[in-house]
Amino acid sequence: MRARLSDIAQQAEVSEATVSRVLNDRPGVAPETRQAVLTALDVLGYERPARLRKRSAGLVGLVVPELDNPIFPAFAQVIESTLAQSGFTPVLCTQTAGGVTEDEYVEMLLDRQVSGIVFVSGLHADTAANHDRYRALIARPLPVVMINGYVPDVAAPFVSCDDREAAELAVAHLVALGHRRIGLITGPDRFVPVQRKVAGWRAAMTRLAGVAETDLGPLAELTLFGVEGGEAAAGRLLDRGVTGLVCGSDLMALGAVRAARQRGLSVPGDLSVVGYDDSPLMAFTNPPLTTVRQPVTAMAVAAVRALVDEINGHGAPHSEYLFRPELVVRGSTAVAPAAVRFPYARTA
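Since the model is a prediction, treat every value here as computed from it, not as a measurement.

Caption draft 1: Quick look at the overall build of the chain. Looking only at helices and strands, one finds 13 helices and 12 strands in the chain. Summarising its shape, the C-alpha atoms of the chain cover approximately 85 × 45 × 35 Å along the three principal directions. By the burial criterion, 52% of the 348 residues in the chain qualify as buried. For the chain, the proportion of contacts with a sequence separation of at least 24, taken over those separated by at least 6, is 70%. Summing over all exposed atoms, the chain offers an accessible surface of approximately 15,900 Å²; the carbon and sulfur share of this is 52%. Charged side chains of the chain number 33 positive and 37 negative; the gap between the two group centres comes to 4 Å.

Caption draft 2: Focus on the pairing of strand 8 (residues 244-247). Here strand 8 shows no split at all, with Gly 244 and Val 246 on one side and Leu 245 and Cys 247 on the other all buried. Sheet topology places strand 6 (residues 182-186) next to strand 8; four bridges connect them, and they run parallel. By the bridge assignment for strand 8, Gly 183 is matched with Leu 245. Inspection of the sheet shows strand 8 paired to strand 9 (residues 272-277) by three bridges, in the parallel sense. The residue of strand 9 that forms the bridge with Leu 245 is Val 273.

Caption draft 3: Local environment of unusual backbone geometry. Of note, the bond from Val 267 into Pro 268 is cis; its omega dihedral lies within 30 degrees of zero at 15°. Here Pro 268 shows up in the loop between helix 11 (250-262) and strand 9. A cis amide bond links Asn 286 to the next residue, Pro 287, at an omega of -5°. By the element assignment, Pro 287 lies in the loop between strand 9 and strand 10 (290-293). Positive phi, close to 55°, is recorded for Gln 113, a residue that is not glycine.

Caption draft 4: Broad picture of the packing of aromatic side chains. One pass over the structure, following the stated rule, counts three aromatic pairs. Taking the centre distance of 5.2 Å and the plane angle of 80° together, the rings of Phe 119 and Tyr 134 count as edge-to-face. One end of the pair, Phe 119, is in strand 3 (residues 116-120); the other, Tyr 134, is in helix 7 (residues 132-139), and 15 residues separate them in sequence. By relative accessible area, Phe 119 is classed as buried at 0%. Residue classification places Tyr 134 among the buried positions, given a relative accessible area of 1%. If you follow Lys 197 out to its NZ or CZ, it ends over the ring of Tyr 276, 3.8 Å from the centre.

Caption draft 5: Main features of the pattern of salt bridges. A complete count under the given rule lists 16 salt bridges for this structure. A salt bridge links Arg 190 to Asp 126; the shortest N-O distance between them is 3.0 Å. Separated by 64 residues along the polypeptide, Arg 190 in the loop between strand 6 and helix 9 (192-207) and Asp 126 in the loop between strand 3 and helix 7 bring together distant segments of the chain. With a shortest N-O distance of 3.5 Å, Arg 164 and Glu 168 are connected by a salt bridge. Residue Arg 164 and its partner Glu 168 are located together in helix 8 (residues 163-176), separated by four residues, close to a single helical turn. For Arg 164, a relative accessible area of 38% translates into the label partly exposed. Connected via shared salt-bridge partners are Asp 278, Arg 293, Glu 326 and Arg 330.

Caption draft 6: How the structure looks around the sheet that holds strand 12 (residues 326-328). Read across the open sheet, the six strands follow the order 7-6-8-9-10-12; overall the sheet is mixed. Of all the strands in the sheet, the pair left with one neighbour each is strand 7 (220-222) and strand 12. Across the sheet, the mean angle from the axis of one strand to that of its neighbour is 20°, orientation sign disregarded. When strand 10 meets strand 12, the two strands line up antiparallel, connected through three bridges. By the bridge assignment, Thr 291 is partnered in strand 12 with Val 328. The strands touched by helix 8 are strand 6, strand 8, strand 9, strand 10 and strand 12; relative to strand 9, the strand with the most contacts, the crossing angle is about 160°. Sheet contacts for helix 11: strand 6, strand 8, strand 9 and strand 10; angle to strand 9, the most-contacted strand, approximately 160°.

Caption draft 7: A look at the packing of helix 8 against helix 9. Packing of helix 8 against helix 9 brings their axes to within 7 Å, and their N-to-C directions diverge by 40°. Relative to helix 9, the crossing made by helix 8 is right-handed. For the pair formed by helix 8 and helix 9, the contact residues are Asp 163, Arg 164, Ala 167, Glu 168 and Val 171 on the first element and Pro 193, Arg 196, Lys 197, Ala 199, Gly 200, Trp 201, Ala 203, Ala 204, Met 205 and Arg 207 on the second.

Caption draft 8: How the structure looks around the environment of Ala 17. Summarising the element assignment, Ala 17 is placed in helix 2 (residues 16-23). Sequence separation of Ala 17 and Leu 5 is 12 residues, and the distance between their C-alpha atoms is 8.7 Å.

Caption draft 9: Representation of helix 8 within the structure. Taking 1.5 Å of rise per residue, 14 residues should cover 20 Å, and helix 8 covers 20 Å from first to last C-alpha, within 8% of that figure. By the burial criterion, the buried members of helix 8 are Asp 163, Glu 165, Ala 166, Ala 167, Ala 170, Val 171, His 173, Leu 174 and Val 175. The N-cap residue of helix 8 is Asp 162: its side-chain oxygen and the backbone nitrogen of Arg 164 are 3.3 Å apart. Among the residues trailing helix 8, Gly 178 stands out with phi positive, at a value near 100°.

The rules we used
- Residues numbered from 1 in each chain as written.
- Predicted model: local features only at pLDDT ≥ 70, side-chain atom pairs only at ≥ 80, totals over all residues.
- Heavy atoms only, no water.
- Helix = DSSP H or I, 4+ residues; strand = E, 2+ residues; numbered from the N terminus.
- Buried < 20%, exposed > 50% of the residue type's maximum accessible area, 1.4 Å probe, protein only.
- Contact = heavy atoms within 4.5 Å.
- Areas by Shrake-Rupley, 256 points an atom, 1.4 Å probe, with all protein chains shown as cover.
- Lys, Arg positive; Asp, Glu negative; His and termini not counted.
- Charge placed at Lys NZ, Arg CZ, Asp CG, Glu CD.
- Pairing = 2+ DSSP bridges.
- Phe/Tyr/Trp six-rings, centres within 6.5 Å; stacked < 30°, edge-to-face > 60°.
- Lys NZ or Arg CZ within 6 Å of the ring centre and 35° of its normal.
- Salt bridge = Lys/Arg side-chain N within 4 Å of Asp/Glu carboxyl O.
- Axes fitted to C-alpha atoms, helices over the stretch in contact; angles between N-to-C directions.
- Left-handed = near helix turned anticlockwise from the far one by under 90°.
- Expected span 1.5 Å × (residues − 1).
- Polar contact = N/O pair within 3.5 Å; in protein donor to acceptor, adjacent residues only side chain to side chain.

Purely spatial values, then, with no claim about function.
What follows is the structure, given as structure tokens:
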């Protein structure tokens with residue numbers, strides 16, 4: 001028992017004496033400390049003492065994509081901590097290519113009798129997917145909340161960043177710096193956030209950059225998410241003479257920076273790059289990345305509150321909550337090259 005107490009204390013970051021007080025249901029322990037010990041029990045696979053099981057509001061599933069993109073661990077961290085503050089124990093389900101699917105995770109969560117599920121950038125964001133899977137969950141009934149993606153005829157709360165506005169913010173920033181030939185790099189167009197970014201970029205390019213709608217096609221590259229996709233797409237757009245790039249993720253933006261450097265180009269001297277997410281460490285890249293920030297904390301907290309309301313029978317509104325993004329200007333964007341800003345300028 002001593003070893004187990006030690007393990008639990010280390011996991012919960014409390015003393016063994018505190019663990020003992022919680023396990024014996026003694027008074028004098030702060031609610032958040034008590035919850036930390038109970039969560040440590042669950043994480044380490046220990047069964048809760050019978051007297052304490054009633055204190056848990058239940059398990060909540062959290063289904064997220066692969067964790068290679070640091071924005072997803074950021075969402076998971078806030079969601080998990082917010083759930084714990086409400087008395088729920090999160091069960092993290094991480095998808096990987098060729099691994100356990102979203103549907104398989106859902107079956108596992110149902111077997112564990114979860115009280116609800118939060119989906120982050122799941123199949124609800126894919127317009128090509130069959131969304132009956134979510135209608136079936138709601139019909140059970142099981143409360144669900146979905147982040148970044150929207151299905152109009154699914155009766156659940158949705159929480160999204162305004163992707164259209166994000167693209168418009170990025171274009172407006174580059175136009176203000178004198179860029180006009182501004183490319184877009186983002187993921188496959190079957191995803192709702194991608195469709196919204198494309199719409200925002202097209203609208204801003206015609207309104208702010210003065211580019212004809214018919215000329216926009218060659219300036220957009222829809223590719224695989226990630227560094228490699230961004231690098232390949234940036235190479236093609238550099239061949240078409242872009243001086244600025246709006247990217248659908250920070251990782252894509254880092255790929256674009258790599259593509260420019262491989263051609264001997266300077267970022268931001270020859271090419272300005274704007275990312276999306278403001279995921280952790282983007283302020284420490286070389287150069288520090290200008291990006292459009294998702295308000296991760298506000299979105300995650302709103303999603304958990306909506307789910308808890310659903311679980312408690314209060315019925316959160318079944319609509320989409322749109323959160324405003326924020327442009328974060330750092331070192332990867334600069335004034336457009338003089339030859340672009342003054343194409344007919346005479347040299348001495």
